[in-house]
Amino acid sequence: MGAPIIEVDRVSRVYHRARRSLTRPAPVVQALREVSLTVEAGERLGIVGESGSGKSTLLRHIAGLEQPTSGTIRFDGKDISGLSGRRLGFLRDRLQLVFQDPMGSLDPRMTVAQIVAEPLHARRVRDAAARVEEVLAAVGLPAEAAGRYPHQFSGGQRQRISIARALTVSPDVLLADEPVSALDVSVRAQVLNLISTLVDARDLTLVFVSHDLSVIRHLCDRVVVMRAGQIVEDGPTEQVWRDPQHDYTRRLIAAIPAMPADTHRSEI
Ligand SMILES: Nc1ncnc2c1ncn2[C@@H]1O[C@H](COP(=O)(O)OP(=O)(O)O)[C@@H](O)[C@H]1O
Ligand SMILES: [Mg+2]
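Predicted model only: the values in this text are computed from it and were never measured. (Residues numbered from 1 in each chain as written. Chains lettered and ligands numbered in written order. Predicted model: local features only at pLDDT ≥ 70, side-chain atom pairs only at ≥ 80, totals over all residues. Heavy atoms only, no water.)

**Student:** Just to check I follow, could you spell out the pairing of strand E6 (residues 95-98) for this structure?
**Tutor:** Consecutive side chains of a regular strand alternate in pointing toward one face of the sheet and then the other. Going residue by residue along E6, you find Leu95 and Leu97 tucked away on one face and Gln96 and Val98 tucked away on the opposite face as well. Relative to strand E7 (residues 173-177), E6 runs parallel, the two being bridged by four bridges. Bridged to Leu95 within E7 is Val173. (Buried < 20%, exposed > 50% of the residue type's maximum accessible area, 1.4 Å probe, protein only. Helix = DSSP H or I, 4+ residues; strand = E, 2+ residues; numbered from the N terminus. Pairing = 2+ DSSP bridges.)

**Student:** Is there a simple way to think about the pattern of salt bridges in this case?
**Tutor:** Pairs can form between side chains of opposite charge whenever their charged atoms are close. Under the definition given, this model contains 15 salt bridges. Residue Glu43 pairs with Arg222 through a salt bridge whose shortest N-O separation is 3.1 Å. One end of the pair, Glu43, is in the loop between strand E2 (28-40) and strand E3 (44-48); the other, Arg222, is in strand E9 (residues 222-227), and 179 residues separate them in sequence. Take Arg222: its relative accessible area is 14%, and that puts it in the buried class. One salt bridge connects Arg202 with Glu134, and the closest N-O pair in it is separated by 2.6 Å. Highlighted residues: Arg202 in the loop between helix H7 (185-201) and strand E8 (205-210) and Glu134 in helix H5 (residues 128-138), separated in sequence by 68 residues. Residue Arg202 is classed as partly exposed on the basis of its relative accessible area, which comes to 28%. Among the charged side chains, a salt-bridge network with shared partners connects Arg13, Arg60 and Glu66. (Salt bridge = Lys/Arg side-chain N within 4 Å of Asp/Glu carboxyl O.)

Written out as structure tokens, the structure is:
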């Protein structure tokens, strides 16, 4: 735990939807409303909230993929909220994203080796092949996976490939947007375990988005609860789980289906 690495300061984001009628104004969506959030280096932060609450939007802004309508975002003290394109290049070495749907984010025409090496292309890395081999092993894929294509793998293995790709540049921060939500329940725990192990072994800062607080509980020390573009609760995960302060958080917890084996972090 240490210095703040991500500082979100009163960030708002407005989207304009396509106009449906010439006589009415284009509908606007206030996806983020004055969101403030500090993540410290080494922290494992969960972001929970129902669908449409703004979780993915917040993550894309932290990753520099989108710019806020107002407010500022700092990464390691540097204001990134006005930067785009090449001026954000430095961030790609420091921060990587993993998405929910590995099929959508893995190019089907590329081999696993090409996919995993892709983030290295903009850099002059001498031994890309060794790097690929190292990260594939780290995510538990066999060396021969390198020559195969995404469709030859199961959903869980494909998510391992996206995690490997995120690790090739040795980032400091991993942002994960519902990385296990599309997976079979039977492989979820394995992928969560893998993320947890990698975060520990590589001293990563983790920001992990899920609509399911029971998943965040397995991984994250702290959780923020989002509702309609705002953070309504922020605290240690166990405390929020056992003693939620907000009605909305209570409803989120009540909506979690009871799992036959409600395992906790140490047991998965
Ligand atoms: N590119 C976009 N254009 C228009 N509206 C968007 C866009 N991205 C997100 N939204 C809207 O912003 C709100 C928050 O969406 P999102 O961040 O995807 O929520 P979550 O990830 O929590 O499900 C939703 O109302 C969504 O429809
Ligand atoms: Mg989302």
